[in-house]
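Report on the structure
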Amino acid sequence: MTTEHSAEVDLDVTNVAHGGVSVARLDGRVVFVADSLPGERVRARISADDHSSFWRAETVEVLEPSPHRRPHIWADAALERDPARRAGGAEFGHIELPWQRELKRQVLVDSLGRFGKLPEDHPARGVEVEAVEGDDAANGLGWRTRVSLHVDDDGIVGPYAARSHRVVAVDTLPLATAAVEYASPLDERLSGAERVDVISDGRRGARVVVRAEGRTAGAGTPITERVGEREFRLEELGFWQVHHGAAATLSTGVRDQLLEGEFDADAPNLDLYGGVGLLAAAMATRFGPATRIETVESDRRATGNAEFNLRDLKAATAVTARVDRYLTNRLKNATAEERGGFSRASVILDPPRAGAGKQVVASLLEFRPAQLVYVACDPVAFSRDLGQLTAGGYELRSLRAFDLFPHTHHVEALAVLTPAS
Ligand SMILES: C[S@@+](CC[C@H](N)C(=O)[O-])C[C@H]1O[C@@H](n2cnc3c(N)ncnc32)[C@H](O)[C@@H]1O
């Protein structure tokens, strides 16, 4: 990262890139420009010029705005602030909401072609990014049920500045739910603390957990979230979908997208990276309480909660394991009869941002289930896995995408794959 170099240049921004930045060219070199929009001409400050194939720049002035530009939804992240002090976490906040979804669609479709090798004429390239119910009316605000704030050496509490680990003071948290924003100690000094997590308590309130080196202060008791008719117990700092409507959106999406013709309730069905059992429950909601399903999750406490949350489903089990090791062992120890069962299974996988990765995908290809339901939070990682799956004999049967993170660049995809006929 260049520090002494802060040249300002005028750039024509041409298209959107993965990661919440747009692309321009300077003397033939790619420049990733923050806080800009395709079609704009901006004045930007070069912030990193030490990479041979691209530079990075921050917009300081918009010379010719896009018709899709709007005043930033968060004054603490707007152009009026110096780039070094702009709050991170709302990198699309200067773009009208429907156009944010269009840009996310472009990034997803581009990744599908580039990394997933999905042919130009594949119907999945017509995917739309769907809004969560209520988000348009709320202008995409007030959805975050969890925020992680950081504390600097002076005790100032705030988010990191965009693309840095520098804490910036902010007055508001417009993406957070009202309860989470209200509970956030933005105007307090927390000397000695390192991080503050503010988490919806699953009802109308919020909990504040302050972490200092080696110490965590907070109530610590589990939280209960309700999705449809079901309740899910989870640890205070354990994984749960961030948008208040995300768990219901994904659970309904998985339930509806599972292919009935490929489903066998007695097969060794799996919910990989299963957390506290949200998507296993979605499968059982669709196909009945006798559905055989095993959740696989590396966090022991999440697995304990999955066991509790799925206790009414007599054929549901929860295992603490890393997915790669679980699949390797399962394949190594399987009898010929068990291997036959794998080919009748439905497998859900919802990996972290890095995707499932080569080894897990290779094991899935060997497992060869009747259908794979892939829930993906990173279009590039997903597309890489998709490319390996299609090269290994699977075909993409359906694809949906959801805007679970308004005003950020993130997009969630939900894909169903089956062995190619
Ligand atoms: C994106 S979350 C999905 C959780 C769940 N499907 C849900 O929607 O609530 C990913 C989960 O995978 C778990 N995880 C991360 N790496 C893992 C691994 N290598 N093996 C098993 N679980 C893992 C995390 O603890 C987290 O609970």
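How each quantity is defined
Residues numbered from 1 in each chain as written. Predicted model: local features only at pLDDT ≥ 70, side-chain atom pairs only at ≥ 80, totals over all residues. Heavy atoms only, no water. Near = heavy atom within 4 Å. Polar contact = N/O pair within 3.5 Å; in protein donor to acceptor, adjacent residues only side chain to side chain. Areas by Shrake-Rupley, 256 points an atom, 1.4 Å probe, with all protein chains shown as cover. Nonpolar A, V, L, I, M, F, W, Y, C, P; charged D, E, K, R; others polar. Pairing = 2+ DSSP bridges. Helix = DSSP H or I, 4+ residues; strand = E, 2+ residues; numbered from the N terminus. Axes fitted to C-alpha atoms, helices over the stretch in contact; angles between N-to-C directions. Core = buried A, V, L, I, M, F, W, Y, C linked by side-chain atoms within 4.5 Å. Buried < 20%, exposed > 50% of the residue type's maximum accessible area, 1.4 Å probe, protein only. Domains from an automatic or database assignment. Contact = heavy atoms within 4.5 Å. Buried area = accessible area lost by both parts, 1.4 Å probe. UniProt positions renumbered as here; feature names shortened; annotations may be inferred. Parallel < 35°, antiparallel > 145°, perpendicular 65-115°, else oblique. Left-handed = near helix turned anticlockwise from the far one by under 90°.

Within an unreviewed UniProt entry, the label attached to the chain reads 23S rRNA methyltransferase, and the organism entered is Subtercola boreus.

This part covers the site of the ligand. Contacts to the ligand come from 15 residues, most closely from Gln241, Glu297, Ser298, Val323 and Asp350. Gln241 has a polar side-chain atom sitting 2.7 Å from an oxygen atom of the ligand. Here Val323 contributes a backbone N or O atom positioned 3.0 Å from a nitrogen atom of the ligand. Considered on its own, the ligand offers 600 Å² of accessible surface; in the complex 84% of this is hidden by protein. Residues of the shell around the ligand, tallied by class, amount to 8 nonpolar, 4 polar and 3 charged.

Our focus in this paragraph is the sheet that holds strand β2 (residues 22-26). Spatially, the 5 strands close up into a barrel ordered β1-β2-β3-β5-β4, and their pairing is mixed. Across the sheet, the mean angle separating the axes of adjacent strands is 50° when strand polarity is ignored. Judged from the 5 bridges that link them, strand β3 (residues 29-34) and strand β5 (residues 54-64) form a sheet pairing that is parallel. Each residue of the ladder has a partner; that of Val30, found in β5, is Phe54.

On to the nonpolar core. By size, the foremost hydrophobic cluster in this structure holds 57 residues, and its most contacted members are Leu149, Leu173, Trp240 and Val254. Taken together, the elements giving at least two residues each to this core come down to β7 (146-151), β9 (193-200), β12 (223-227), β13 (230-234), α3 (246-257), α4 (278-287), β18 (371-376) and β20 (412-419). With 7 residues, the top contributor of residues to this core is α4. Residue contributions to this core reach at least three from each of two domains, namely domain 2 (101-136 + 226-231 + 242-419) and domain 3 (146-221). In contact with Val254, not counting residues within four places along its chain, are Leu279, Ala282, Ile348, Val373, Val375 and Leu414. Among the nonpolar cores identified, the runner-up in size contains 41 residues, and Leu112, Leu270, Leu331 and Val347 belong to it.

The next thing to look at is unusual backbone geometry. Within the chain, Asp35 stands out as a residue other than glycine whose phi angle is a positive 60°. The topology assignment puts Asp35 in the loop between β3 and β4 (41-48).

Another aspect to go through is the domain arrangement of the chain. With domains assigned, the chain is organised as domain 1 (8-69), domain 2 (101-136 + 226-231 + 242-419) and domain 3 (146-221). A straight line from the C-alpha centre of domain 1 to that of domain 2 covers 35 Å. Each side of the interface is counted separately: domain 1 has 7 residues, and domain 2 has 7 residues. Taking both partners together, domain 1 and domain 2 bury about 550 Å²; carbon and sulfur atoms supply 79% of that area.

UniProt annotation of "binding site: S-adenosyl-L-methionine" (unreviewed entry) refers to Gln241, Tyr273, Glu297 and Asp350 when read in the numbering used here. Excluding its chain neighbours within four sequence positions, the residues that come into contact with Gln241 are Thr145, Arg146, Ala246, Ala247, Leu250, Leu278 and Asp350. Within the secondary structure, Tyr273 is located in the loop between β14 (269-272) and α4. Residue contacts for Tyr273: discarding those within four places in its chain leaves Val296, Glu297, Val323, Leu349, Asp350, Pro351, Pro352, Ala356 and Val360.

This brings us to the packing of helix α1 (residues 97-114) against helix α9 (residues 379-391). Two elements in contact, α1 and α9, have axes whose closest approach is 8 Å; the angle formed by their N-to-C orientations is 25°. The angle between the axes of α1 and α9 places the two elements in the roughly parallel class. As for the relative orientation of α1 and α9, their crossing is right-handed in sense. Packed against α1, whose contacting residues are Val107, Leu108, Ser111 and Leu112, the element α9 presents Pro379, Val380, Phe382, Ser383 and Leu386 at the interface. Per-class residue counts for the contact of α1 with α9 are 7 nonpolar, 2 polar and no charged.

Of all 6 residues in β3, 5 are buried; the element is thus mostly enclosed. Pairing of β2 with β3, which is carried by 5 bridges, proceeds in the antiparallel orientation. Residue pairing across strands places Leu26 opposite Arg29, the latter belonging to β3. Counted between consecutive antiparallel strands, the loop separating β2 from β3 contains 2 residues, among which Asp27 sits at a positive phi close to 50°.

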